[in-house]
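Working through the structure, step by step
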Amino acid sequence: MRIGLIAHDKKKDEIIVLAKKHKDVLAKHQLFATGTTGTLIMGETGLPINRMKSGPLGGDQQIGSMVADNGLDLLIFLRDPLTAQPHEPDVSALLRLCDVHNIPLATNRKTAEILLTALSNDESVFKN
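Let us look at the structure shown here. Residue numbering note: each chain is counted from 1, following its sequence as written. Where totals are concerned, whole chains, interfaces and linings use all residues; where local detail is concerned, this predicted model gives features only for residues with pLDDT of at least 70, and gives and counts side-chain atom pairs only at 80 or more. Each side-chain value is derived from all of the structure's non-hydrogen atoms; neither hydrogens nor water enter the calculation.

**Quick word on the overall build of the protein**
Elements are defined by DSSP. Helices are runs of H or I of four residues or more, strands are runs of E of two residues or more, and each kind is numbered from the N terminus. Of the regular secondary structure elements, the protein holds six helices and five strands. Shown N-terminal to C-terminal, the secondary structure of the protein runs as helices and strands in the order β-α-α-β-α-β-α-β-α-β-α. For 128 residues, the compact-globule formula gives about 14 Å, and the C-alpha radius of gyration of the protein, at 13 Å, lands near that figure. Over its C-alpha atoms, taken along the principal directions, the protein stretches across nearly 35 × 30 × 25 Å. When we talk radius of gyration, it's over C-alpha atoms, and the globule rule is simply 2.2 Å times the number of residues to the 0.38.

**What about the pattern of salt bridges?**
Within this document, salt bridges are pairs made up of a side-chain nitrogen of Lys or Arg and a carboxyl oxygen of Asp or Glu, the two lying within 4 Å of each other. Across all of its chains, the model carries seven salt bridges by this definition. Between Lys21 and Glu113 there is a salt bridge, and its shortest N-O distance comes to 3.2 Å. Highlighted residues: Lys21 in helix α1 (residues 12-21) and Glu113 in helix α6 (residues 109-121), separated in sequence by 92 residues. Glu88 is the salt-bridge partner of Arg79, the closest N and O atoms lying 3.4 Å from each other.

Printed below as a string of structure tokens:
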């Protein structure tokens, strides 16, 4: 499967903890991430990650393009709902694309845990 990983600045530590905890599952899949998030996860886990630009510099749109082109199967996007984001329209568009294309989307740690646990148990759950 192709998995996207994104985290707002105040959620970077959470996505690193998540990636470390589920490293064995993530290692079996092709990973894509926005720039800083990808760099941090690679540095902490050693997982190979295809990195896009930073979110505010177009990385969210690059991930969105992958969703629109059937290039992702699952997206984990740990959002910070309490901080205004300068690229909020890009974020909203990305979330909408996941809904349009029926891509499983986690926007918080608990949902990401559930999706990664399900993925480790039965990958067929995510197939259309």
